[in-house]
Amino acid sequence: MLARRPLPLLVLASSFITGCVLLKPIDPSGMSPRTESEEARDTAQNQAESAPAPVEVAPAPVITMPAPTTTVSPNPTDTIAMPVAAATPAPVAREAAPAPARARRHDLGTVNDATISAMVLASNYTDISYAQLVPARALRQDVREFSRRMLTDHTTVNQLVRDLLAKLDIGPVDNIASLDMRDESSENRDILRELSGAAFDSAYVENEVRYHQKFLASLDDVMIPRARNAELRTLLSNVRPAVAAHLAHAEQLRANVLARK
Amino acid sequence: MTLRQVAAFAGVLACVARVPPHSRTPRVEYVSIRGFAFAPAELDVVVGDTVVWTNTDQFVHTTAADSAAWSSPELRTGERFMWIARGTGQLSYHCAAHPKMRGSIVVHP
């Protein structure tokens, strides 16, 4: 009989097996069973994620930026790994609004003369945009004077870069780094726009210190060593002392703001 | 020695007495402003010397004594400012636009 009716029996047997499979309790996570060590690791991760991130609880205007250290590849057109800096609370700007928790991308994208040009232009426009917020919001005269200087010097740099690019017939091309600068600049401006008086002074000066630290690191680690054209490299090298002087000035200003001199 | 000769000799003596012992022909000393720095950052001059700062940087700078003995306007690329040393002493100065740029001049008798 079995031999004569093999098909129904096979159907019955396969249905039984399928039913067993379907009746097996389904893991709500949709994942396969895990070992104890995996469970422990995931629990730790969940705890870490559920804990409040420092960025979200810090009252200061935290500006995330790539760490100054970069891994430079010998190939001039490949990408550079750049660790994302952990956001730390700014000591000066306690009165300012909290910064948005935001992760930066890990690489700069293509690095060549065209993208380096876009990076340096974006860096300068960033600080110009910050300085333009100052007249209507700052309280301190030295902060106003500093912002006027930033406006003048960074406009000068951009003019020098544009003149050179025209001469070399190079068009700036955005890469991840220059686009990130714009995003970051926009977010920081949103924070600064909401402030005024002493709170603005603190947040602006702290932001200037961080901005110039980042610009200097970018010049030293990426732009100057990776520029292929000698004139572009010379221009970037000439810009470096300006950025270093601005950083020193901003740090002095921050100390004065902190001391309420 | 006639009276006229005595008077002439006295006149020469008076002139010699007025000249400082270390006097020399006044010089012009040059300070270049480049790379956000004064070069040389330290300078020795003598009373009567002229110091000329030339901005060879591509950014605007100034030169201003901490004591307000002099203060230049903003110097664009290629512009100069001069100051004549009148008194002795050490004078520190800076760029008003970039206060971390500093220099000093020692003025000798």
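(A) Spotlight on the overall build of chain B. Within chain B, the secondary structure is distributed over one helix and eight strands. Beginning at the N terminus, the succession of helices and strands in chain B can be written as α-β-β-β-β-β-β-β-β. Across the 109 residues in chain B, those meeting the buried criterion constitute 27%. Taking all contacts inside chain B whose residues are at least 6 apart in sequence as the whole, residues at least 24 apart take part in 46%.

(B) How the structure looks around the sheet that holds strand S8 (residues 102-108) of chain B. Residue and element names in this part refer to chain B. The strand order across the open sheet formed by four strands is S3-S8-S7-S5, and the pairing between neighbours is mixed. The sheet is open, and its two borders are formed by strand S3 (42-46) and strand S5 (64-65), each paired with just one other strand. Across six bridges, the pairing between strand S7 (residues 89-94) and S8 is antiparallel. Its bridge partner lying in S8, Tyr93 is registered against Gly103.

(C) Region of interest: the sheet that holds strand S1 (residues 28-34) of chain B. All names here are of chain B. As summarised here, the arrangement of the four strands in space is S2-S1-S4-S6, forming an open sheet in which the pairing is mixed. Of all strands in the sheet, those with a lone pairing partner are strand S2 (37-39) and strand S6 (80-84), marking the two edges. Strand-to-strand twist across the sheet, computed as the mean angle between neighbouring axes with direction ignored, equals 25 degrees. Relative to strand S4 (residues 50-55), S1 is paired through six bridges, and the arrangement is parallel. In the sheet register, Tyr30 faces S4, and the bridge partner there is Val52.

(D) Quick peek at the pairing of S6(B). All names here are of chain B. Burial along S6 is one-sided: Phe81 and Trp83 are buried, and none of Arg80, Met82 and Ile84, which face the opposite way, are. Pairing geometry for S4 and S6, over five bridges, is antiparallel. Looking at S6, one finds that Thr50 is bridged to Ile84.

(E) Layout of helix H7 (residues 197-226) of chain A. Here H7(A) contains 30 residues, and its C-alpha end-to-end distance of 41 Å stays within 8% of the 44 Å for a straight helix at 1.5 Å per residue. When the local axis directions of H7(A) are compared, the greatest deviation, roughly 45 degrees, occurs at A:Leu219.

(F) Focus on the interface of chain B and chain A. At the interface, 10 residues of chain B touch 12 residues of chain A. Split by residue class, the side of chain B that touches chain A holds six nonpolar, three polar and one charged.

About the cut-offs
Residues numbered from 1 in each chain as written. Chains lettered and ligands numbered in written order. Predicted model: local features only at pLDDT ≥ 70, side-chain atom pairs only at ≥ 80, totals over all residues. Helix = DSSP H or I, 4+ residues; strand = E, 2+ residues; numbered from the N terminus. Buried ≥ 20, exposed ≤ 12 C-beta atoms within 10 Å, placed from the backbone. Contact = placed C-beta atoms within 7 Å. Pairing = 2+ DSSP bridges. Axes fitted to C-alpha atoms, helices over the stretch in contact; angles between N-to-C directions. Expected span 1.5 Å × (residues − 1). Bend = angle between axes of the 7 residues up to and from the residue. Nonpolar A, V, L, I, M, F, W, Y, C, P; charged D, E, K, R; others polar.

Remember, this is a structural readout, not a statement about activity or role.
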